[in-house]
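Results of the structural survey
Next come the chains, spelled out residue by residue.
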Amino acid sequence: MAESPSKSMDKIMALCKRRGFVFQASEIYGGINGFWDYGPLGAQLKRNLREAWWRDVVMNPCGGLAGPDGRPVQIVPLDTCIIQHPQVWVASGHAETFNDPMVDCRETKARYRFDHVEVFVPAEGTGGDKPLFAFVSGTPSEQKQRRKAEKAWGSVKVVPLTSVPREQWPRVLAPEAEKVGSLTEPRAFNLMFKTYVGATATEDDVAYLRPETAQGMFVQFKNVLDSSRIKVPFGIAQVGKAFRNEVTPRNFTFRSREFEQMEIEFFCHPEHAFDWYRFWRDWRLGWWKSIGLGSDSLQLREQTQDELAHYAKDGAGTSDIEYRFPFTAPGFGEIEGVAHRADFDLSTHQKHSKTKLEYFDAERGELLPNGSHKGERYVPHVIEPSAGLDRGVLALLCEAYTEDASRASPELLLLHPRLAPIKVAVFPLVNKDGMPETSEKLYREVAEEFSTHGFVEHDVKAAIGKRYARMDEAGCPFCCTIDGQTAQDQTVTVRDRDTGAQERIALDRVVAYLRPKLGL
Ligand code: GAP
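Everything quoted here is computed from the prediction, not taken from an experiment. Along each chain, residues carry numbers from 1 onward, in the same order as the chain's sequence is written. Predicted model: local features are reported for residues with pLDDT of at least 70 only, side-chain atom pairs are reported and counted for 80 or more only, and whole-chain, interface and lining totals are derived from all residues. Remark: hydrogens and water are excluded; side-chain values derive from all non-hydrogen atoms of the structure.

In this approach a probe as big as a water molecule rolls over the atoms, and the regions it shows empty are the leftover space. Here the term cavity refers to a set of points on a 1 Å grid, laid over the protein atoms alone, in which a 1.4 Å probe fits but cannot get out; the term pocket refers to an open set having protein on both sides within 12 Å along at least five of seven lines, with lining residues being those that place an atom within 4 Å of a point. Grid points are joined across faces, edges and corners, and a volume is the space filled by probe spheres set on the points. Tallying each qualifying case throughout the model produces 2 cavities of 30 Å³ or more. Empty space within the largest cavity amounts to approximately 40 Å³. Residue type decides the class: Asp, Glu, Lys and Arg count as charged, Ala, Val, Leu, Ile, Met, Phe, Trp, Tyr, Cys and Pro as nonpolar, and the leftover types, Gly among them, as polar. For the lining of the largest cavity, the per-class residue count stands at 1 nonpolar, 3 polar and 3 charged. When we break the lining of the largest cavity down by domain, the ones giving at least three residues each are domain 1 (9-93 + 196-400) and domain 3 (408-517). Volume-wise, the second largest cavity comes out at about 30 Å³. Around the second largest cavity, the lining residues are Ile291, Gly292, Leu396, Glu399, Ala400, Leu414, Leu415 and His416. When the residues that make up the lining of the second largest cavity are grouped by side-chain class, the tally is 5 nonpolar, 2 polar and 1 charged. An automatic or database domain assignment provides the domain bounds reported here.

This brings us to the site of the ligand. The criterion for a residue being near a molecule or strand is simple. One of its heavy atoms has to lie within 4 Å of it. Taken together, 21 residues surround the ligand, and among them Glu212, Glu246, Ser256, Glu263 and Glu334 come closest. Counted as a polar contact is a pair of N or O atoms within 3.5 Å, where, for protein atoms, one must be capable of donating a hydrogen and the other of accepting one, and residues adjacent in sequence contribute only when both atoms are in side chains. In this structure, Glu263 approaches the ligand through a side-chain N or O atom, which is 2.5 Å from a nitrogen atom. One of the side-chain N or O atoms of Glu334 is found 2.6 Å from an oxygen atom in the ligand. Per-residue and other accessible areas follow the Shrake-Rupley method at a 1.4 Å probe size, with only the shown protein chains counted as cover for residues. Within the complex, the protein chains bury 91% of what would otherwise be the 550 Å² of accessible surface of the ligand. In this description a helix means any DSSP run of H or I spanning at least four residues, a strand means any run of E spanning at least two, and both kinds are numbered starting from the N terminus. For the shell around the ligand, the secondary structure elements donating two or more residues are strand E13 (258-268), strand E16 (333-342) and strand E19 (381-388). When residues of the shell around the ligand are assigned to their parent elements, the largest contribution, 5 residues, is made by E16. When its residues are assigned to classes, the shell around the ligand shows 5 nonpolar, 6 polar and 10 charged.

In structure tokens:
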């Protein structure tokens, strides 16, 4: 199948709107920056990804794979509130450190993340008095500024704004600005959404929408331990909304202000933390591949010391699972982080809440004469695989998007059958000769079987080629067609979206034939 070498984000976004995957939030009012709604197909695709994660992480952890201790991996689910006690965010460090230094342009009023701004400077060094041209990589400003810089300096190179000495800032020309020196000093900017709990709305009632689902799991660690028979090592998993007042939301749903996370907090003995870190990092990478992200567009990257989040500094070890999005290519963008958080979270909540969050491990410590152990009390270390549901959906859509001019649908989505929002379509070849009745019957049978996992469609209108094309564009992996032969030998054609090949299958075997192919 002919695939275009580089995928156009504009075309992907247009398809998403046309076929009801993603809409701009509040579109009829002009939209609201950083917020996206999922249409009928998008809502089901997102649900399928969430459920695939839930099944493979919570219900059947790691598909039954043993952990580094040789035992089955144990995970329990949790569902905690978006609004937590404000002290949670003080203890977690978000209240103080959850901010990105920003620079404003006094002239254009645009605001940039300090560490996102780069500058074209002369290849020979920043001497002279001509302007230094600032831009944000991957935006139209990059090419514009490059042209101007090359005209001014001839040969140029790129350096981060963070490395440009302050005395040279008066020469920096901001993106889209006319005059140099318009960038302000970097300023801190808290990313948590503020709200008020209760009707009085005084400063005493301030609360925050959670910027990550993780903290709910640390705060309930003791209750989970006390209310279940679970023992360390084990994980708590949760899926839910998180909110960040991102300063520059961009790249479609990639950086949104409201998004959903799928997070695991895995608690283990400190001595085993690195083994679990490696285990989760590798298993999570394999999981994304198993649901259709190609290995050449996926990479695992160890974060550098500079990039580590505040909690990971002492844990030393964070890997990003990254996908090559059309807007990052040839670079990559993070879809999941796997962090070794050490005992940062439980210890800080223990300190701030004055509640013991230790674990008593009866199977460790000195061996006693009676053959039992003395036991050991410790604060578990945490490995956190934290995935973005919306970024996962976006990566799946980008990966699936395919152009093929030779097909009736020049644009189609090769979504993994397990994730596809429409599982199966059933058609009568023509709308007569008893075919619609037979197809209606098959449709009911197939829908009964698969509709908990996605749509099953029945379409009797339009030419058959058009109906196939519509399904290909929506990513439906299989179409069953009742034709003239069905009445004679009780078979139907089952068409494979990816190859266009058709197989004749007995009417009463269609469900059994499709089930394994749909990964259900
Ligand atoms: N508890 C750790 C944590 O929240 P993070 O790297 O900040 O770590 C985890 O976020 C994942 O959440 C990211 O890998 C990404 O997929 C997703 N995510 C973070 N910010 C996002 C945003 N503004 N829009 C969409 N997804 C986001």
